[in-house]
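Fold and contact review
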Amino acid sequence: MQKYFVRRVILMLPTLIGLTFVVFMAVRLLPGDVINQIVGESGDATPEMREALEERYNLNGNVGVRYVEWSAGLLRGDLGNSIISDRPVTQHLRERVAVTVELGILALIASQLIALPVGIISAVRQDSIVDHLARSLSILLLAVPSFWLALLAITYGFVWFGWTPPLRYAEIWDDPASNIRSLWVPALILGAALSGTLMRLTRSTVIEVLRQDYVRTARAKGLRERSTVLHHVMRNALIPVVTVIGLQVPVVVGGTVVLESIFGLPGLGSFLLDSVQHRDYPAVQGVVLISGTVVILTNLLVDLTYPLLDPRIR
Amino acid sequence: MRALRDFIRYKPVGAFGLAVILALLVTAAIPGVIAPSHYSDFDLLNRFQDPSSSHIFGTDNQGRDVFSRVVYGARTSVTIGLGVVLLAAVFSTTIGLVSGYYGKLPDLIIQRLIDIWQAFPGLIFIIFLLSIFSPSQLTLIVALGVLFTAGSSRVIRSSVLQVKQGLFVEAARSTGASDTRILLRHILPNIAPILIINASVQIGAVILVETSLSFLGFGIPPPFPSWGGMLQAAQPDMQQHPYLALFPGLAIVLTVYSFNMLGDALRDVLDPRMRGMR
């Protein structure tokens, strides 16, 4: 078991290094040169200006040396300065990260609150009307883009209920009520968009587990259906579900970009879009790095929870 | 013909998907014939007309016919969807064949690289790439194709692992066939159903990502319409004119739903092991 943990953690390192390498090289290999793109619109740049910019973007000198210098900076928590504000990128990220993390977690919770009960009921009542409705719902949810749900919520929320998303955003520790007012709709929408996959998976794994011999034993010894499902079936059916929740983290990260932009939330996603628009490459690199790291770490976490749920993997 | 009749009879939902997709392909091929007007024909005197018999989906902020723009937008989603799936199929088949067939060290190295590849948060990474390489139809297809390669290559690798155990592979090798010949003439035809299933299941997801990117402003450049781009442009006016937010979105949902249903039905028909699974 310990060996498994250590192995998994060590295997994560090349992945992290790969991430930093690609993020570094993508800007360096830019076709037609980053500098041209940055100064492009403002006209001509003096050779000195170009040189200063090249130095800042790690574009000059030997690739290997500059990469090592740059990643040493990462280890010290130095992602460079934003071109637009000239403040350290890490400072920007720190201000923005809480919104995105909160939105992501709320969305994951929402997707499970929707998907698990529906999936379980659908499996237990296989081929009933409830099951057919639940399956149609999950298939439909797989085809609906979250940004369209968000637009419909804003449009028809206004037309039917006179509801508009709050204009001002408050941090959760400053004003919890106002914070939740800003976040519950986007979180619910992102959660609904995620729940289609999860519903289908929950249903099929629960059906599979329900056919196992030990479930028949539990029923034969007179256990009530409710506790059979909750205690015997759920624990085993949840293993693949946990994996999929892990696999959904990249989707959540992408989804927050879209929803933050629609609902005007000051998170990492809207920061990414602003930075891209202004060609603020250090800031863009920062967001890509931090979200990539989050994805890698959650994958690790999922792999590490496996043996706790399924003793056979130990 | 008989196969098609059976498909319609036993897989009605899949057949519905197929019918919608055929209609969509025709629309994408000859939008000019179907649309009542050109996608950029504007009429500033008739802005924001509600849906009516002359403009069945209404008109937008420049008085352009929304129905015509939805029709032309089909070309964007279909071209990018098919292009990405084809590109991803070529990449992932090559990677899957090499990794699965040769095994050992090449397999180990390739699989670790795929791990890294899959660790990237897809949408964010594509935005990153498109901020560097300016968005065009081609860059979109390449970026999305690369993104969707990783997952498929895993699926293909595992079926190669299975197929290469077959006696016919052994037989081919004993007659002195080269690795390339075995891969292309013996293994590839046997994994073809997996390729088709994988592509048809994937295309819905590709179109969803494409519309999200277009919505965020990273799609094909205007004025050519895309469904995501139309929804983005509708944002300031949609509370007064809800139909602007409605129709392009319905087009996306119908398209993705149809591809998903066709994919599911094809999987049931082509892959007997998956029969009856959902």
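Residues numbered from 1 in each chain as written. Chains lettered and ligands numbered in written order. Predicted model: local features only at pLDDT ≥ 70, side-chain atom pairs only at ≥ 80, totals over all residues. Heavy atoms only, no water.

1. Description of helix H6 (residues 129-143) of chain A
Between its first and last C-alpha, H6(A) extends 22 Å over 15 residues, near the 21 Å set by a 1.5 Å rise per residue. Within the span of H6(A), buried status applies to Asp131(A), Ala134(A), Ser138(A), Ile139(A), Leu141(A) and Ala143(A). Buried residues along H6(A) sit in contact with helix H5 (89-124) and helix H8 (176-210) of chain A together with helix H9 (179-215) and helix H11 (243-270) of chain B. For H6(A), the capping residue at the N-terminal end is Ser128(A), with a side-chain oxygen 3.4 Å from the backbone nitrogen of Val130(A). (Helix = DSSP H or I, 4+ residues; strand = E, 2+ residues; numbered from the N terminus. Expected span 1.5 Å × (residues − 1). Buried < 20%, exposed > 50% of the residue type's maximum accessible area, 1.4 Å probe, protein only. Contact = heavy atoms within 4.5 Å. Polar contact = N/O pair within 3.5 Å; in protein donor to acceptor, adjacent residues only side chain to side chain.)

2. Thoughts on the domain arrangement of chain A
Residue and element names in this part refer to chain A. What the domain assignment lists for chain A is domain 1 (2-75) and domain 2 (95-309). Computed over C-alpha atoms, the centres of domain 1 and domain 2 are 33 Å apart. Taken together, the 19 residues of domain 1 in the interface contact 16 residues of domain 2. Taken over both partners, the interface formed by domain 1 and domain 2 buries close to 1,600 Å², and the fraction arising from carbon and sulfur atoms is 76%. Considering only the side of domain 1, the residues that lose the most area to domain 2 are Arg8, Leu19 and Val23, jointly responsible for 28% of the buried surface there. The interface formed by domain 1 and domain 2 includes 0 salt bridges. (Domains from an automatic or database assignment. Buried area = accessible area lost by both parts, 1.4 Å probe. Salt bridge = Lys/Arg side-chain N within 4 Å of Asp/Glu carboxyl O.)

3. Topic: empty space enclosed by the protein
If a probe as big as a water molecule is rolled over the atoms, it shows which places are left empty. All names here are of chain B. This model, assessed by the stated rule, comprises 4 cavities of 30 Å³ or more. Among the secondary structure elements, those contributing two or more residues to the lining of the largest cavity are helix H4 (66-102), helix H10 (227-234) and H11. At 3 residues, H10 tops the list of elements feeding residues into the lining of the largest cavity. When its residues are assigned to classes, the lining of the largest cavity shows 6 nonpolar, 1 polar and 4 charged. (1 Å grid on protein atoms, 1.4 Å probe; cavity = no way out; pocket = protein on both sides within 12 Å on 5 of 7 lines; lining within 4 Å. Points joined across faces, edges and corners; volume = space filled by probe spheres on them. Nonpolar A, V, L, I, M, F, W, Y, C, P; charged D, E, K, R; others polar.)

4. Considering the layout of surface pockets
Volume-wise, the second largest pocket comes out at about 520 Å³. The set of elements that each furnish at least two residues to the lining of the second largest pocket consists of helix H1 (2-28) of chain A together with helix H5 (104-119), helix H6 (122-132) and helix H7 (137-163) of chain B. With 5 residues, H7(B) is the largest single contributor of residues to the lining of the second largest pocket. Of the residues in the lining of the second largest pocket, the class split is 17 nonpolar, 2 polar and no charged.

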